[in-house]
Amino acid sequence: NISKYLIDATINLHKEISNKFLPSAVKFHYNFTMRDITSVVKGLLNSKPKYYKNPSDMIRLWYHESMRVYSDRLLTENEIQRCRDTIMNIGKKYIIDESIDTNIIDKAFIEPCTFTHFISSSLENNSSMMMNDNVTNYLPCEDTNKLRKEINNYLYMYNESHTIMNLVLFDQALRHITRIARILQSPYGNALLVGIGGSGKQSLSKLSSYICQFDVVQLSISSEYNINDFKESLKDMYRKAAVKPCTPLVFILTDTQIINERFLIYINDYLSTGYIPDLFTKEEYDGIFNSIRNVAKSEGIADNRDAMMTFFIDKVRTNLHIILCFSPVGDLFRQRCRKFPSLINCTSINWFHEWPKDALVSVAQKFLEDIDLNMSLASPSNSVVNIASNSNVIATPSNQIRSPNSIKRNSTPNINNTIPNTSKHSDTNILRDNLAYHIAEVHASVGLISEEYYIEERRYNYVTPKSFLELINFYKNLLKLRKDELIENISRLETGLDTLMRTNKDVSRLQDFLKDKKKEVEIKKQASEVLLEEMGKQRSEAESQQLLADAEKLKADNMAEEARKLEEQAAVDLAEATPAMEKARDSVDCLDKASMTELKSFTKPPAGLDKVTTALLIMIKFEKKDFSWDNAKKMMAKVDSFKEKLETYNGKEIPEDVITRVTPLLDDPDFNYERMKTKSLAAANLVNWVVNILEFNKIYKRVKPLMDSLEIATKSKRKAEEDLAVVNDKITVIESKLHNLQTQFTYAMQEKAKVESEYKDCLDRLSLAERLTNGLSSEKERWSQTISKLRSEAVTLPGDVMLAAAFTSYIGAFSYTFRQKLWKTIWLQDIISRDIPITANIDPLYILTNESQIASWQNENLPSDRMSTENGAIITNCNRWPLLIDPQLQGIKWLKKYENNRVNKNSKHLIIIRQNEKGFMTKIVNAISAGDTVIIENINETIDASLNSLLSKSLYKKNKVLYIKIGDDDVEYDENFRLYLQTKLSNPHYKPEISAQCTLINFIVTKIGLEEQLLATIVSEEEPELERNRNLLIQSFNNYKIQLKELEDNLLERLANAPVDILSDIPLIEGLEATKIKASDINDAVIKGKKTEAGINQTREIYRIIASEASLFYFLLLSLNSIDHMYQYSLDSFNYFFIKALKNYPTNTDKVEKLKNLQNYLRWILYKWIIRGLFEKHKLIFLTQLTFLLIQNNIINNGDIGYNDIGYQFLLLGFRSLNNSDEKSPISWIQDDDIWNGIKTLSASIEGFEKLPSDMEENSNRFLEWYTHFTPETEKLPGEWKELDKHLFKKLLLIRILRPDRITMALTNFIREVLPLGKTYIDCDTELNSYNILEQSYLDSKSNIPIYFILSPGADVVSDVDKLAIKYNKIKGIDYHNISLGQGQDIVATERLDVGNRQGHWIFLNNIHLMPKWLTLLEKKLDEYNNNISSSHEDFRIFLSSDPSTYIPIS
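The present account deals with the structure reproduced in this document. (Residues numbered from 1 in each chain as written. Predicted model: local features only at pLDDT ≥ 70, side-chain atom pairs only at ≥ 80, totals over all residues. Heavy atoms only, no water.)

1. Re the overall build of the chain
A count of helices and strands for the chain gives 50 helices and 19 strands. Taken across its 1451 residues, the chain has 49% of its residues classed as buried. Long-range contacts, defined here as pairs at least 24 residues apart, represent 78% of the contacts in the chain between residues at least 6 apart. (Helix = DSSP H or I, 4+ residues; strand = E, 2+ residues; numbered from the N terminus. Buried < 20%, exposed > 50% of the residue type's maximum accessible area, 1.4 Å probe, protein only. Contact = heavy atoms within 4.5 Å.)

2. What about the packing of helix H15 (residues 357-367) against helix H16 (residues 428-457)?
For the pair H15 and H16, interaxial distance at closest approach is 8 Å and the crossing angle is 135°. Taken together, the axis directions place H15 and H16 in an arrangement best described as oblique. Considering the relative orientation of H15 and H16, their crossing is right-handed. Note on element contacts: H16 touches H15 through Asp433, Ala436, Tyr437, Ile439, Ala440, Glu441, His443 and Ala444, opposite Lys357, Leu360, Val361, Ala364 and Gln365. Residues that form the contact of H15 with H16 fall into these classes: eight nonpolar, two polar and three charged. (Axes fitted to C-alpha atoms, helices over the stretch in contact; angles between N-to-C directions. Parallel < 35°, antiparallel > 145°, perpendicular 65-115°, else oblique. Left-handed = near helix turned anticlockwise from the far one by under 90°. Nonpolar A, V, L, I, M, F, W, Y, C, P; charged D, E, K, R; others polar.)

3. Looking at the environment of Arg336
Within the secondary structure, Arg336 is located in helix H13 (residues 332-339). Judged by relative accessible area, which is 4%, Arg336 ranks as buried. Once the C-alpha coordinates of Arg336 and Glu261 are considered, the two residues, 75 residues apart in sequence, prove to be 8.4 Å apart. In contact with Arg336, other than residues within four places in its own chain, are Asp255, Ile258, Glu261, Leu264 and Leu343. Among the polar contacts listed, one links the side chain of Arg336 to the side chain of Glu261, at a separation of 2.7 Å. (Polar contact = N/O pair within 3.5 Å; in protein donor to acceptor, adjacent residues only side chain to side chain.)

4. Some points on the sheet that holds strand S17 (residues 1376-1380)
The strand order S16-S19-S18-S17 describes an open sheet built from four strands, whose pairing is parallel. Two strands lie at the open edges of the sheet, namely strand S16 (1347-1350) and S17, each paired on one side alone. Between one strand axis and the next, the sheet turns through 10° on average, direction left out of account. (Pairing = 2+ DSSP bridges.)

5. A word on the packing of aromatic side chains
One pass over the structure, following the stated rule, counts 63 aromatic pairs. When the centroid spacing of 6.1 Å and the interplanar angle of 75° are considered together, the rings of Tyr973 and Phe977 count as edge-to-face. In this structure, Tyr973 and Phe977 share a single accessibility class: buried. Ring centres of Phe1137 and Trp1169 lie 4.7 Å apart, and the angle between their planes is 15°; this geometry places the pair in the stacked category. Taken together, the positions of Phe1137 in helix H37 (residues 1131-1144) and Trp1169 in helix H38 (residues 1151-1171) put the pair 32 residues apart, joining distant regions of the chain. Exposure class is identical for Phe1137 and Trp1169. Each is buried. (Phe/Tyr/Trp six-rings, centres within 6.5 Å; stacked < 30°, edge-to-face > 60°.)

6. Digging into helix H43 (residues 1260-1267)
Each full turn of the α-helix corresponds to 3.6 residues, which orients residues three or four apart in the same direction. Residues of H43 that are buried: Ser1260, Phe1263 and Trp1266. Down the axis of H43, the buried side of the element spans an arc of 120°, and every buried residue falls inside it. Relative to its buried face, H43 has exposed residues pointing more than 90 degrees away, namely Asn1261 and Glu1265. The secondary structure elements touched by the buried residues of H43 are helix H42 (1252-1258) and helix H44 (1288-1298). (Arc of directions from axis to C-beta.)

These results come straight from atomic positions and should not be treated as a statement about function.
Here's what the structure looks like:
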């Protein structure tokens, strides 16, 4: 009977749930239908008899399926518990059987209760079913640790083949995975996952699909993606699911991907029936049916169109599962579900609730495991791994979660406590746990404060799990960065100190060295003087010997000259003899044996030959008698001997008798070579020899006397040279001695010079050392203190950086008050209470930035108020893309300057674009690749879906290069790329997904910041020279701060890179001196400037009351949009009228009167501007707000009007705001008990009304007379209460409770009396008609300032504009165009605007609310005209009119 019991229980449970959980505007999905009963039964049908043998097993399955169907869609933990209790009660009531033990039934309802298709249980023998092709056994899994282990294994395998998902699976995440897998395994199972962005819907869906072995399909949205592309994607999925490859698919669709609501028409059709009417054409269906015909036939499907269609759709629905990932934030989800009911009715809903606190803690513990919390500064910190680089991160508890109670806390945390004892934090694991609990506390506190923020300021802010993970990641990176900076700073300062200490030691060492060197210099000096004296003596002796040598040398030179002349003369004569001698020698050489033999062979010599032989006999043998041929032949018998005699014959010493006897023979005609040659060649040569030898002798004898003279001269010369040599030897000896002395002297002088040089160098080094130590003496103590401070900062770095990281990650969206509350009251106290080391009196701003950087920002026109500075620090430090909420455009003006300066330094580009402009995505893609900076300005509450991957920084690596997918394109990602987003919306409502992807930064002007700006404007108008000097002074101060930081850095950098012997680097020391002098000059200038500034500020302060009132006025304007959306006011517009008042107010020579005139006139001009743009019903509201605002800030107070804050609350909200008393009225004419209770509350709460109830009872008739008066506000009250006419505010309170019908008139009278010139304000424009007002308003308009008419029923503004056009000579249809917007008129209007802008026409655009989409283009046009004012014709005017509408852009 268990099946009957289960069915009865299911039916009754459905009735009970339907009655208990009723739908509402928020809980619109609490719509329980018969499908829910079917879903429970389908779950029960997953049981198999093999495994479900006991009734208790089926009861537990029924409990699980009931919980999944009914409780998974509920919104709160309280409702889930109520649902669980209901299921248990129904189960125990209807599942009754005597065979079932009640204890077993109780156990069936124990949590956690988990059933899966992919994990085995005690009912099954297999230890694991991982990746089994038949994942069909639906069994309980009671062991959470086993479930976590198995799913972690799946996750590991998923990451091996897919983009890595860094998930940590906590209990809640495990349950979501099993629920999604259950839906996918159900027949026709489709899921609707609802949760804020970043809660893990997509990540867990992908992992669940992988576990179920389903392929995942997601859309790649680009700017061109449209409905046709979506249809093509669906077609492709249909074919894959039912035709080829016919495998299971999961289509994951997020709400951000639904860029066209028509997408949901197709999704709705698929969820309800699977058939989408216009998806395929008839021809396409025919092709599909042909492809599946064989399969259909094998399954017994009839071959007709209807059967094939049913078969095809069934295959699609079986294999194609849709998972919708939607956010519940805002109205869009509710609207979509109402328009497309299948989103709720035909899906299984799984609501992703906020992560529980223990999950947050364990996530933080998990990701803080690898962080280096050892704050020893011996070496740089370890690298940090990015854990939140994309949005698919889920985290969860480890098994070692420490409870908050186990963490030591201080009993009375105090922000000014001294730094905790570091010994408490020696165990980094305890510190790591404390940090994890604090991070969880930070995340939870932001959620709570966001709720308060909405209640108080009606502004939205969301925290998501991704925000939490980004905080952890940012903390890790910032901690590493700051730790490395500390190490570097300490190293630089220690290097500077070491240099100073070394130099100080050098000073004393150099002083001792100088004393020794001075003695050595004296010794060397004396030794050199002795050597110099000895050298003088030796030089005198050498000079006397040199005189002797010079005389001898002169003598030798004269003799040498004489010998030279003789030698030259003899040489000339000898030159004549030489050829003869040479010829004689040649003649002998020509003699050979053959010719001589021939000569000897003559028996009788030829004629003339005998004379030749005779001459030879006379000359060689000195023959005097025998001149016969035979004797001659004997002489020539031995040829060689004969030749030798001829060769060695002494031609110089031929005897005279020989010459005398031979000479006659020479006269013979035959005695010549030519004739003798005819007879004998040898004889001819002998003739030549005789002739030439005699010729030689003849010449020689002539030269001989000269030779003799030359010999004598030569001997004399030699003798002189020998004498000179003796003298020279003496000189050489002397010079040698002198040279040795010179060498010794040179060495001595070199030694002396060396010692003197060393002495001088030592003096110079001493001077340099003293200059260095004296110049940096003031730095020594400061650097020492700084090092100690930095080392103490290292101890507190984990806490300091934690506060700064939380500040950067979470605080940007809040206003100043909430920022202070978060970091100072909540976070800081929690850090101290958890014993996390933190600096006393810490300011997170100065962990993120420094004075120099702040000064640089202010030079770039960042407002100097605290909140703007915080915003600058957040923008320049945050990891996520900054999104500036900047209605006054102060943030974007600074950002453009800041980024322009930065990109110029890096040779990059700044690109400023808007979402709807032409080439929007192309510019972004190019900037991503080039590493440029992009600012997307003036965005709305929705951001182009094609930017999703960029906003979430979904980066991946391919071949070690970073890429990002934009649409279908893989774009190379340059890490220098930066993206900023900015909106003009004053109170935008961004989805949690955007809050998770971007760092929201509230750049809305603050009251104090605006007050300072307006004060500067007033003073620059009234005292221009004063304000100019102040601005120059501020600029100088900022530059000084920047320069001092640069000088300090430069000084330490130069010291760090100085050589080992720093005193050898003179340019370095001179540079350090110059740096120090400049820093000193700057400090002096700062001191002097502060004195000047004090005087300037004192003069400026007299105008502060006016600036303060104007600032309050502007913030009052900002609150008007809570009355009507059309009441939007820009700061530029406000400034325009503010300056107008400054230029035109009535002046006065009296300073006090002048300020009063300015204050009143400014108030009047601003009021008149605002009041003309308000509906009549709102004018008194605004004027009342203005009046009380001035009273509350003590700007006006006409005597004692009796005002107090409690009374103001009573005036606005009534007595119930102060008291909920409920008494019966004792006065007969007060029949409404609320009036009497109001009187009692008034008497109990506000001073001066204590006797009112009793007086009214005693003087009931007199009070009745006042009460029934037609105008009680002008009548005096009875008795002493008539004194209330002197305390107007108190009388207002009495009228508020007794005669609320007259409160409007009472307020009018109150304003007339209290507000200066109150009657003028009350009667503003009452004497003017609409045309007169338009005439005045026209004077405030310009070519870039349109006039806007907010219409109310019956208003006719066209006739007024027509009359004004006539006045200014504008002709309708020529240069004045009145266009009523409607279908097709947008093109006409655009053309008229462009022409009118150039030619000075008037363009009146009527009813612009009828074309909300075109208004985006109009907005862009107006911006163009405003940015290019110089190209606009000065007569150009735009008039706009519309009904109140929320579709009109704020711009």
